[in-house]
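Structural characterization, general
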Amino acid sequence: MPGGVSLPGFPWDSLVPYRERAQAHPHGVVDLSVGTPVDETPAVVRDALAAASNAPGYPTTLGTPAVREAAVGWLKRRFGIDSIDAETGVLPAIGTKELVAWLPTLLGLGPADVVVHPELAYPTYDIGARLAGASPVAVDSLVALGPQRPALVWVNSPANPHGRILPAEHLAKVVSWAREHGALVAADECYLEFGWEAAPSSVLHAEVNGGTVENVIALHSLSKRSNLAGYRAGFVAGDPSMVRQLLEVRKHAGMMMPAPVQAAMAAALDDDEHVDQQRQRYRQRRDILRDALVGAGFRIEHSEGALYLWATRDEGCWDTVGWLAERGILVAPGEFYGPAGRSHVRVALTATDERVAAAAERLAA
Ligand SMILES: Cc1ncc(COP(=O)(O)O)c(C=O)c1O
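Source: prediction; values computed, not measured.

1. Observations regarding the packing of aromatic side chains
Applying the stated criterion to the full structure yields 12 aromatic pairs. With centroids separated by 5.9 Å and ring planes inclined at 85°, the aromatic side chains of Trp74 and Phe235 adopt a geometry described as edge-to-face. With Trp74 in helix 3 (residues 65–79) and Phe235 in strand 8 (residues 234–238), this residue pair connects regions lying 161 residues apart in the sequence. For the pair Trp74 and Phe235, one class covers both residues: buried. A connected cluster of aromatic rings, assembled from ring pairs, spans Trp12, Tyr18, Trp318, Phe336 and Tyr337. Here Arg313 stacks its cationic end above the ring of Phe298, 5.9 Å away from the centre of that ring.

Below you can see the structure in the form of structure tokens.
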């Protein structure tokens, strides 16, 4: 790799034999292995994209006032967050995966720096640290870091892969620990609209950050909330000095959101109705899959939020993946997300009602 960056292999390749086995089911595969939305992009968003399709000039990296105001309006309307200024505290991202992967680099981190992420986590936090030449460390308890002083701490609530929702007090402790130790906090809040058993808190809430967003940013994605994964739409909000630094580098690097997508994102953020409908769909799928898994002898842990059920049969995760593949159901092995996931599987709620019903039927047989 250039610059000596060492990246892990792509773990999904190891799932291929199980996918083939599941696909051989006479009534087809039920793919619950990835969290990719399957329901339609709402008409209000598609119309906004189409209306903005004449875009001969370059978009700005900062984003239009309309998209930044829509982001601030959404934070206020849905979550009661009023600490973000549309001029200085928001920046569009081309989906959040790119921002997760490049955040340490964009913030100027390098080989001397440590980036902390949760023990069980979306793999891109680790990749982002490596791309910057920094050292990723997977720990849930910051105390376990000992004398190491991280430059950046990731939190993710509701979490991928296990759906855990961190209480506001927990997040507040992370923020104050980070401030005391000179670290920045990046909260990946892409599932903030999906709390099932608790209302998720944001690091942008005053009860978490003590009334100032200093040292703190939150990443928000439209992919799941608005069935917009194919558009690549997200944004970052928080500490104006961090946002300014990201803006400066992103301007030079050409990391700008296409103008029609900016218009679509503004329309999506201004509309709550489609989100409430989507939530309802996921809630029903979750209830059906949860009951079916429990009925088939699984234990479900965490899973208070996000779009996943974290399930175990108290055996190695690959045995469970194989058992489900025999029934034509494909899930992700927990060890993709860290060694602590070795006896769990991640079951995504992102399949059609018809496929979810088919999975439940097979689990009951
Ligand atoms: C925890 C987490 N963060 C970030 C992302 C990236 O989402 P996107 O790039 O679609 O905004 C995902 C996608 O599944 C995710 O699970």
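2. Considerations on the side chain of Ser303
Inspection of the secondary structure assignment puts Ser303 in the loop between strand 9 (299–301) and strand 10 (308–312). By relative accessible area, which is 0% here, Ser303 ends up buried.

3. With respect to the side chain of Arg285
With respect to the helices and strands, Arg285 occurs in helix 10 (residues 273–295). The class for Arg285 is buried, based on a relative accessible area of 2%. Within the local environment of Arg285, its side chain forms a polar contact with the side chain of Asp353, the two groups lying 2.7 Å apart. Those residues in contact with Arg285 that sit more than four places away from it in its chain are Val38, Asp39, Gln278, Leu349, Ala351, Thr352, Asp353 and Val356.

4. Quick notes on the nonpolar core
Counting residues in each nonpolar core, the largest one holds 50 residues, and the members touching the most others are Ile84, Val203, Leu204 and Phe235. The element best represented in this core is helix 3, accounting for 7 residues. If you look at the next biggest cluster of nonpolar residues, it comprises 37 residues, including Ala22, Val30, Phe194 and Val347.

Rules used in this analysis
Residues numbered from 1 in each chain as written. Predicted model: local features only at pLDDT ≥ 70, side-chain atom pairs only at ≥ 80, totals over all residues. Heavy atoms only, no water. Phe/Tyr/Trp six-rings, centres within 6.5 Å; stacked < 30°, edge-to-face > 60°. Helix = DSSP H or I, 4+ residues; strand = E, 2+ residues; numbered from the N terminus. Buried < 20%, exposed > 50% of the residue type's maximum accessible area, 1.4 Å probe, protein only. Lys NZ or Arg CZ within 6 Å of the ring centre and 35° of its normal. Polar contact = N/O pair within 3.5 Å; in protein donor to acceptor, adjacent residues only side chain to side chain. Contact = heavy atoms within 4.5 Å. Core = buried A, V, L, I, M, F, W, Y, C linked by side-chain atoms within 4.5 Å.

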